Amino acid sequence: MSCRVVVLLSGRGSNLRAIAEAGLPVEIVAVISNRPLAAGLAWAREHGLPAVALDSAEFADREAFDAKLAEEIERHQPDLVVLAGYMRILSPAFIGRFEGRLLNIHPSLLPAFPGLKTHERALAEGVKIHGCTVHFVTARLDHGPIVIQAAVPVRADDTPDTLAARVLRQEHRIYPQAVRWFAEGRLVNKCGQVNLKDDSASQSVFPTEN
Ligand code: GRF
């Protein structure tokens, strides 16, 4: 039986596409967005994936919205919930409910640059290596156990946009890889450190095409 995946997104959905097109042993059983007009939701609909819009503006507060979101997710009985550009902070109750089966991708080499505007901040700090991270979600924002990271060089003439594009290409490699490992039951989380059951694969990616 394949791994049932629910994807949450708020925007263009390129990570959803990368996961959907990677030939993974998973079934995307729902794509849910807090933004009804998200391009990723339209893409899901066009590609025959069950697409659900839950407009956060219609709820009194975060707790009320997250309770409804959790209820909607549970209806699809997922083994895994994937945050793919989901731009809303999740309440502790929500995270507690899905902890251990909730993955996120963040556009920096965590624990550096949690939060927003990671590419601008990386350039402002003058770092020479930047990248992206897939991690399990915990109550501490952008700090959960790390599954896989990819590094990219920072160039002297980079702008936030050129750097973001270079990082995004790697996001599209490592997110499908992380989802595959999860689906295959290969991720072992011991005391906040995630390792692979058989350690032949690498959890660090140093692309050559950059
Ligand atoms: C990605 O950069 C991801 O790392 C961040 O939000 C962005 C989503 O992009 N969390 P997309 O919607 O998957 O194209």
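Above this text is the structure in question.
Nothing here was measured: the structure is a model prediction, and the numbers come from that model.

Asker: A description of the packing of aromatic side chains should follow, citing residues and the corresponding values.
Answerer: Inspection of every chain in the model, using the stated rule, returns three aromatic pairs. An angle of 75 degrees between the planes, with centres 5.3 Å apart, marks the rings of Phe59 and Phe65 as edge-to-face. Looking at Phe59, the relative accessible area reads 25%, which means it is partly exposed. Exposure remark for Phe65: the relative accessible area of 1% places this residue in the buried category. Taking 6.4 Å as the distance between ring centres and 55 degrees as the angle between the ring planes, the aromatic pair formed by Phe136 and Phe182 counts as tilted. Here Phe182 lies in helix H6 (residues 160-183) and Phe136 lies in strand E6 (residues 129-136), a separation of 46 residues in the sequence.

Asker: Quick rundown of the pattern of salt bridges? Include the residues and the values.
Answerer: This model, assessed by the stated rule, comprises seven salt bridges. In this structure, Glu74 and Arg97 form a salt bridge, with 3.4 Å as the shortest nitrogen-oxygen distance. Of this pair, Glu74 sits in helix H3 (residues 62-75) while Arg97 sits in helix H4 (residues 92-98), and the two are 23 residues apart along the sequence. Under the relative-accessibility criterion, Arg97 is labelled partly exposed at 43%. What you see here is one network of salt bridges that share partners, running through Glu74, Arg97 and Arg101.

Asker: Could you give me a rundown of the layout of surface pockets, with the residues and numbers involved?
Answerer: In this approach a probe as big as a water molecule rolls over the atoms, and the regions it shows empty are the leftover space. By volume, the largest pocket is sized at about 1100 Å³. With five residues, the top contributor of residues to the lining of the largest pocket is H6. Looking at the lining of the largest pocket residue by residue, the classes come out as 18 nonpolar, 16 polar and nine charged. Here the lining of the largest pocket gathers at least three residues from each of two domains, domain 1 (1-98) and domain 2 (105-210).

Asker: Requested: an account of the site of the ligand, with residues and values cited.
Answerer: Neighbouring residues of the ligand: Arg12, Gly13, Ser14, Asn15, Gly85, Ile105, Pro107 and Glu171. Contact between the ligand and Ser14: an oxygen atom at 2.5 Å from a side-chain N or O atom of the residue. In the environment of the ligand, a nitrogen atom lies 3.1 Å from a nitrogen or oxygen atom belonging to the backbone of Ile105. When the ligand sits alone it has 370 Å² of accessible area, and the protein chains cover 86% of it. Judged by the fraction of its atoms near the pocket grid, the ligand is located in the largest pocket. Taken together, the residues of the shell around the ligand sort by class into two nonpolar, four polar and two charged. Two domains each donate at least three residues to the shell around the ligand, and these are domain 1 (1-98) and domain 2 (105-210).

Asker: How would you summarise the pairing of strand E9 (residues 193-196) if you had to cite specific residues and measurements?
Answerer: Of the two faces of E9, the one lined by Val194 and Leu196 is fully buried and the one lined by Gln193 and Asn195 carries no buried residue. Examined bridge by bridge, strand E8 (residues 187-190) and E9 share four bridges and lie antiparallel to one another. Paired with Lys190 across the two strands is Gln193, which belongs to E9. Hairpin geometry of E8 and E9 is characterised by an intervening segment of two residues between the two adjacent antiparallel strands and by a positive phi of about 50 degrees at Cys191.

About the criteria used
Residues numbered from 1 in each chain as written. Predicted model: local features only at pLDDT ≥ 70, side-chain atom pairs only at ≥ 80, totals over all residues. Heavy atoms only, no water. Phe/Tyr/Trp six-rings, centres within 6.5 Å; stacked < 30°, edge-to-face > 60°. Buried < 20%, exposed > 50% of the residue type's maximum accessible area, 1.4 Å probe, protein only. Helix = DSSP H or I, 4+ residues; strand = E, 2+ residues; numbered from the N terminus. Salt bridge = Lys/Arg side-chain N within 4 Å of Asp/Glu carboxyl O. 1 Å grid on protein atoms, 1.4 Å probe; cavity = no way out; pocket = protein on both sides within 12 Å on 5 of 7 lines; lining within 4 Å. Points joined across faces, edges and corners; volume = space filled by probe spheres on them. Nonpolar A, V, L, I, M, F, W, Y, C, P; charged D, E, K, R; others polar. Domains from an automatic or database assignment. Near = heavy atom within 4 Å. Polar contact = N/O pair within 3.5 Å; in protein donor to acceptor, adjacent residues only side chain to side chain. Areas by Shrake-Rupley, 256 points an atom, 1.4 Å probe, with all protein chains shown as cover. Sits in = over half its atoms within 2 Å of the grid points. Pairing = 2+ DSSP bridges.

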